Amino acid sequence: MTALRQHLIDPEVCIRCNTCEENCPVEGAIEHNEDNYVVNSDLCNYCMNCIAPCPTGAIDNWRMVNDAYSLEDQYSWDELPEQIELADITDEAGESEAASILDTAHAGTGAVPAPATASKPVINMWTREQPAKATVTGNYRITEEGTDSDIHHIVLDFGSQSFPVLEGQSIGIIPPGTDAKGKPHLVRLYSIASARDGERPGYNNLALTVKRVTFEADGETHEGVGSSYMCNLNKGDEVQVTGPFGNTFLMPNDPDANLVMICTGTGAAPFRGMTERRRRIGGNGAGKMMLFFGARSPSELPYFGPLQKVPSNLLDQELVFSRMTKLDDQQKEYVQHRMLKRSTDLANLLKDSNTYIYLCGLKGMEDGVEQSFDKICSDNGLNWSEIRQTLRSEGRYHIETY
Ligand SMILES: Cc1cc2nc3c(=O)[nH]c(=O)nc-3n(C[C@H](O)[C@H](O)[C@H](O)COP(=O)(O)OP(=O)(O)OC[C@H]3O[C@@H](n4cnc5c(N)ncnc54)[C@H](O)[C@@H]3O)c2cc1C
């Protein structure tokens, strides 16, 4: 079934000033009677001309629907309907380009529900056919010059377009141009690295953490299409964005929940968003946050400087540098090894039914992390395969690797 992003006007907030109808360039796309102002979904072309002039914001409302609400429906409303359950539209998501990429990224845990208390995400709001247009307001390298890891912090501004996100979701970027076969480039997904209210709250923007991918082919060094496009963007450039995507890799909306976050490289992006969310909502919850973050060296660890300033009572950090710490002559230290050093703490968290575990980053990290959880459990009288099963079924174990 195909889902549609329907533009609607909130009858509770609308003051019936007629500004939207006056500013709408499409004859009949917005109309009214003595009760309500309504949007004709067959005519609305999402040009957004009506959004900024509306004095109340009533005009800026959107619902994902399988069948569009009719004009009759809208005229009869005193208030907007709730967003329909997301389960109703995942079939559509299953057909989409981004959904199949996400399925691969989440293959490590299989189908896992979102945390029970997570806020309801909006997904598939902007599509390849109707992308949002974001403006780059910042693009900074966040790993040291001269290192192999060229990772950028990129801020995108959505202006007056609605782009509601939650920590842990991703957005799609459409690189301009075509591939070798003349087809438009496929969408590339990037995790949102800021909290739901934006990189700067109230500015309708979000941040990404993008690593420039390089690879050898035909005896030459090449750069990845999407990541080099992103890393080369200048302030003021316009980017075509789809999404948001992802309805399970989400944080619980419960300040008492413990979050164990395990990542390498740009896998830190969603955890930056989750940490910032916790910091902004304040510290009246008992939930602990623990981060295991791997990179080759501090100069290649994105956000190394800012992380030093995050207070330890908010975030318990284990930064692991494989080029610097060796376990013995053969073995470098990776995140899974550091997890063993915190065995007792992790075992205690695993015993707590309000603990949520997230892995994000390189696919190669999954096995090592699983083995460490297995060892931590057996050393502490627990059974990892039983705990893993419970965590999965309760939406408390999430893997997103790429
Ligand atoms: C859910 C999700 C979230 C993600 N979040 C982030 C994030 O926050 N930050 C981030 O940096 N990335 C993230 N990614 C990865 C991102 O989507 C891209 O996959 C990544 O940036 C590489 O894309 P690219 O277009 O630069 O590379 P591509 O051009 O797609 O190339 C990818 C790889 O394909 C191979 N390849 C391509 N062309 C050739 C060729 N001609 N010959 C031989 N081999 C070739 C190479 O191995 C190359 O490295 C995420 C992915 C997923 C699924």
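Bear in mind that the values here come from a model prediction, so they are computed numbers and not experimental data.

**Student:** Which residues make up the overall build of the chain, and what values do they have?
**Tutor:** Assigned secondary structure in the chain consists of eleven helices and 17 strands. Here the C-alpha atoms of the chain give a radius of gyration of 23 Å, agreeing with the 21 Å that 2.2 N^0.38 yields for 402 residues. Its C-alpha atoms give the chain principal-axis dimensions of roughly 80 × 50 × 40 Å. A buried classification covers 52% of the 402 residues belonging to the chain. Summed over all atoms, the accessible surface of the chain reaches about 18600 Å², with 47% contributed by carbon and sulfur.

**Student:** Which residues make up helix 11 (residues 384–393), and what are the values?
**Tutor:** Listed as buried for helix 11 are W384, I387, R388 and L391. Down the axis of helix 11, the buried set is contained in an arc of 100 degrees. They therefore lie on one face. Counted as exposed and oriented over 90 degrees from the buried face of helix 11: S385 and E386. Against the buried residues of helix 11 lie helix 9 (343–351), strand 16 (355–361), helix 10 (365–379) and strand 17 (397–401). In the segment just after helix 11, G395 is the residue with positive phi, at about 70 degrees.

**Student:** Please provide a residue-by-residue account of the environment of I151, values included.
**Tutor:** For I151, the location among the structural elements is in strand 6 (residues 151–157). The exposure class assigned to I151 is buried, which follows from its relative accessible area of 2%. Each C-alpha atom, one on I151 and one on T266, is 7.7 Å from the other, the two residues being 115 residues apart in sequence.

**Student:** Would you mind going over the environment of Q371 in detail, with residue names and values included?
**Tutor:** Inspection of the secondary structure assignment puts Q371 in helix 10. Spatially, the C-alpha atoms of Q371 and H337 are 9.9 Å apart, while their sequence positions differ by 34 residues.

**Student:** Help me get a handle on the nonpolar core, residues and values and all.
**Tutor:** Judged by nonpolar contacts, the single largest core of 40 residues is most densely connected at L156 and V241. Each residue touching V241, except ones within four places of it in the same chain, is listed here: W126, P131, A132, A134, L156, F158, F163, I171, G172 and I173. Counting residues in hydrophobic clusters, the runner-up holds 23 residues, among them M290, M365, C377 and Y397.

**Student:** Could you give an account of the site of the ligand, with specific residues and numbers?
**Tutor:** Taken together, the neighbourhood of the ligand is formed by 21 residues, with R188, L189, T209, G226 and S227 sitting nearest. Between R188 and the ligand, the recorded distance is 2.7 Å, taken from a side-chain N or O atom to an oxygen atom. Within the backbone of K211, a nitrogen or oxygen atom sits 2.9 Å from an oxygen atom of the ligand. Compared with its free state, where it exposes 970 Å², the ligand has 68% of that area covered by protein. Residue assignment for the shell around the ligand shows that the elements contributing at least two residues are helix 4 (97–105), strand 8 (188–191), strand 9 (205–211), strand 10 (214–217) and helix 5 (225–231). Per-element accounting of the shell around the ligand gives the leading share, four residues, to strand 8. Of the residues in the shell around the ligand, the class split is eleven nonpolar, seven polar and three charged.

**Student:** Lay out the pairing of strand 5 (residues 132–141) in plain terms, naming residues and giving numbers.
**Tutor:** Successive residues of a regular strand alternate their side chains across the two faces of the sheet. Summarising the sheet, strand 5 and strand 12 (residues 238–245) pair through four bridges and their orientation is antiparallel. The partner of A132 across the bridge, within strand 12, is V241.

**Student:** Help me get a handle on the packing of helix 9 against helix 10, residues and values and all.
**Tutor:** The relative placement of two packed helices is expressed as an angle between their axes plus a distance between the axes. Put simply, helix 9 and helix 10 touch, their axes get as near as 9 Å, and they point 85 degrees apart. Regarding the angle of helix 9 to helix 10, the classification is roughly perpendicular. In this structure, helix 9 contributes S343, L346, A347 and L350 to the contact, and helix 10 contributes F373, I376 and C377. The residue inventory of the contact of helix 9 with helix 10, partitioned by class, reads six nonpolar, one polar and no charged.

**Student:** An account of the pattern of salt bridges is needed here, citing residue identities and associated values.
**Tutor:** Two side chains with opposite charge may pair up if their charged atoms get near one another. Under the definition given, this model contains 22 salt bridges. Of the charged contacts in the structure, one is a salt bridge between R212 and D150, with a shortest N-O distance of 2.7 Å. Taken as a pair, R212 in the loop between strand 9 and strand 10 and D150 in the loop between strand 5 and strand 6 lie far apart in primary sequence, 62 residues in all. Sharing partners across several salt bridges, the network here consists of D316, E318, E333, R338, K341, R342 and D345.

**Student:** So, the sheet that holds strand 15 (residues 316–321): which residues are in play, and what are the values?
**Tutor:** Strand order in this open sheet of five strands is 15-14-13-16-17, and the pairing throughout is parallel. Across the chains shown, the open sheet's two edge strands, defined by having one partner strand only, are strand 15 and strand 17. The average angle at which neighbouring strand axes cross in this sheet is 10 degrees, direction not considered. Pairing of strand 13 (residues 258–264) with strand 16, which is carried by six bridges, proceeds in the parallel orientation. Bridging across to strand 16, C263 finds its partner in C360. Here helix 11 sits on the sheet in contact with strand 16 and strand 17, set at roughly 85 degrees to strand 17.

**Student:** So, the confidence of the model for the chain: which residues are in play, and what are the values?
**Tutor:** Low pLDDT means the predicted atomic positions in that stretch should not be read closely. Averaged over the chain, the pLDDT score is 92; the fraction of residues at 70 or greater is 96%. Within the model, the stretch residues 86–95 combines pLDDT values under 50 with 20 contacts to residues more than four positions away or in other chains.

Analysis parameters
Residues numbered from 1 in each chain as written. Predicted model: local features only at pLDDT ≥ 70, side-chain atom pairs only at ≥ 80, totals over all residues. Heavy atoms only, no water. Helix = DSSP H or I, 4+ residues; strand = E, 2+ residues; numbered from the N terminus. Rg over C-alpha atoms; globule rule 2.2 N^0.38 Å. Buried < 20%, exposed > 50% of the residue type's maximum accessible area, 1.4 Å probe, protein only. Areas by Shrake-Rupley, 256 points an atom, 1.4 Å probe, with all protein chains shown as cover. Arc of directions from axis to C-beta. Contact = heavy atoms within 4.5 Å. Core = buried A, V, L, I, M, F, W, Y, C linked by side-chain atoms within 4.5 Å. Near = heavy atom within 4 Å. Polar contact = N/O pair within 3.5 Å; in protein donor to acceptor, adjacent residues only side chain to side chain. Nonpolar A, V, L, I, M, F, W, Y, C, P; charged D, E, K, R; others polar. Pairing = 2+ DSSP bridges. Axes fitted to C-alpha atoms, helices over the stretch in contact; angles between N-to-C directions. Parallel < 35°, antiparallel > 145°, perpendicular 65-115°, else oblique. Salt bridge = Lys/Arg side-chain N within 4 Å of Asp/Glu carboxyl O. pLDDT = per-residue confidence, 0-100.

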